[in-house]
Amino acid sequence: MAKPAARPGLLRRRLASFGYAFRGVGAALGSEVHLRFHAAAAAGAVGLGWYLGIPRLEWALVALAIGAVWGAELLNTAVEALTDLVSPEYHALAGKAKDVAAGAVLVVALGALVVGLLVFGPPLWARWLGA
Ligand SMILES: Nc1ncnc2c1ncn2[C@@H]1O[C@H](COP(=O)(O)OP(=O)(O)OP(=O)(O)O)[C@@H](O)[C@H]1O
């Protein structure tokens, strides 16, 4: 009897999963203008945080906000792709799925905006007043 093909080891499978995940982020970055905008905004926030010397807890908030926006945008991209696959023709439910997914990005982005205003607003204001 033929021996079943050996399954790759656990570590190799985990590493492959990471590879697929990074490939997904790369594919979304390549196709989604919004995600490139989020990348620029994240770079701006990190630069501002470094310039203002914000404390560690505020870095944690900024990191959470950036991660949440990226996560929501990636999920939105996945929903769009699946919707286009399942329902290339017009369908009210397909439209609802895309609108709700886009709404999720909007809600998270508004939360991130509030975080940005609370973290960067006061020290920027103080610098401008002090200048
Ligand atoms: N198959 C469909 N059936 C019904 N309505 C759709 C369908 N595809 C798109 N729509 C509607 O058109 C809107 C825009 O769809 P589209 O696929 O262009 O998404 P988008 O978020 O604007 O795309 P992108 O992020 O690539 O710019 C959706 O939010 C939805 O309201």
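As the structure is a prediction and not an experimental result, all values here were calculated from the model. (Residues numbered from 1 in each chain as written. Predicted model: local features only at pLDDT ≥ 70, side-chain atom pairs only at ≥ 80, totals over all residues. Heavy atoms only, no water.)

1. Quick look at helix α3 (residues 56-86)
Working step 1: In this model, α3 (31 residues) spans 45 Å end to end at C-alpha, consistent with the 45 Å of a helix rising 1.5 Å per residue.
Working step 2: For α3, the set of buried residues is Val62, Ala65, Val69, Trp70, Ala72, Glu73, Asn76, Thr77 and Thr83.
Working step 3: Contacts made by the buried residues of α3 are with α1 (10-31), α2 (33-52) and α4 (92-130). (Helix = DSSP H or I, 4+ residues; strand = E, 2+ residues; numbered from the N terminus. Expected span 1.5 Å × (residues − 1). Buried < 20%, exposed > 50% of the residue type's maximum accessible area, 1.4 Å probe, protein only. Contact = heavy atoms within 4.5 Å.)

2. A short note on the environment of Val46
Working step 1: Relative to the helices and strands, Val46 resides in helix α2.
Working step 2: Spatially, the C-alpha atoms of Val46 and Trp59 are 8.5 Å apart, while their sequence positions differ by 13 residues.
Working step 3: Apart from residues lying up to four places away in sequence, Val46 is in contact with Trp59 and Ile66.

3. Focus: the environment of Leu82
Working step 1: Residue position: Leu82 is located in helix α3.
Working step 2: Considering only alpha carbons, one finds Leu82 and Leu124, 42 residues apart in sequence, at a separation of 42 Å.

4. Focus: the packing of aromatic side chains
Working step 1: A complete count under the given rule lists zero aromatic pairs for this structure.
Working step 2: A cation sits over an aromatic face here: Arg127 above Tyr51, 4.8 Å from the ring centre. (Phe/Tyr/Trp six-rings, centres within 6.5 Å; stacked < 30°, edge-to-face > 60°. Lys NZ or Arg CZ within 6 Å of the ring centre and 35° of its normal.)

5. Topic: the nonpolar core
Working step 1: Counting seven residues, the largest nonpolar core is built from Ala45, Leu52, Ile54, Val62, Val119, Phe120 and Leu124.
Working step 2: Secondary structure elements with two or more residues in this core: α2 and α4.
Working step 3: Excluding its chain neighbours within four sequence positions, the residues that come into contact with Ala45 are Val62, Ile66 and Phe120. (Core = buried A, V, L, I, M, F, W, Y, C linked by side-chain atoms within 4.5 Å.)

6. Side note on the UniProt feature "transmembrane region" (unreviewed entry) in the chain
Working step 1: With numbering aligned to this structure, UniProt lists the feature "transmembrane region" (unreviewed entry) at residues 33-53, 59-79 and 100-120.
Working step 2: End C-alpha to end C-alpha, residues 33-53 measures 30 Å, and it is 95% helix and 0% strand.
Working step 3: Measuring from the first to the last C-alpha atom of residues 59-79 gives 30 Å, for a span that is 100% helix and 0% strand. (UniProt positions renumbered as here; feature names shortened; annotations may be inferred.)

7. Let's talk about the site of the ligand
Working step 1: Neighbouring residues of the ligand: Glu32, His34, Glu80, Ser87, Glu89, Tyr90, His91, Ala94, Gly95, Lys98 and Asp99.
Working step 2: At 3.1 Å, a backbone N or O of Ser87 approaches a nitrogen atom of the ligand.
Working step 3: Summarising the interface, the protein chains cover 58% of the accessible area of the ligand, which totals 620 Å² for the free molecule.
Working step 4: Per-element tally for the shell around the ligand: the top contributor is α4, with four residues.
Working step 5: Per-class residue counts for the shell around the ligand are two nonpolar, four polar and five charged. (Near = heavy atom within 4 Å. Polar contact = N/O pair within 3.5 Å; in protein donor to acceptor, adjacent residues only side chain to side chain. Areas by Shrake-Rupley, 256 points an atom, 1.4 Å probe, with all protein chains shown as cover. Nonpolar A, V, L, I, M, F, W, Y, C, P; charged D, E, K, R; others polar.)

8. Focus on the packing of α3 against α4
Working step 1: Where α3 contacts α4, the axes come no closer than 9 Å and their chain directions differ by 170°. Judged by the inter-axis angle, α3 sits roughly antiparallel to α4. Both α3 and α4 take part in a crossing whose hand is left-handed.
Working step 2: In terms of residue class, the contact of α3 with α4 is built from 19 nonpolar, two polar and five charged. (Axes fitted to C-alpha atoms, helices over the stretch in contact; angles between N-to-C directions. Parallel < 35°, antiparallel > 145°, perpendicular 65-115°, else oblique. Left-handed = near helix turned anticlockwise from the far one by under 90°.)

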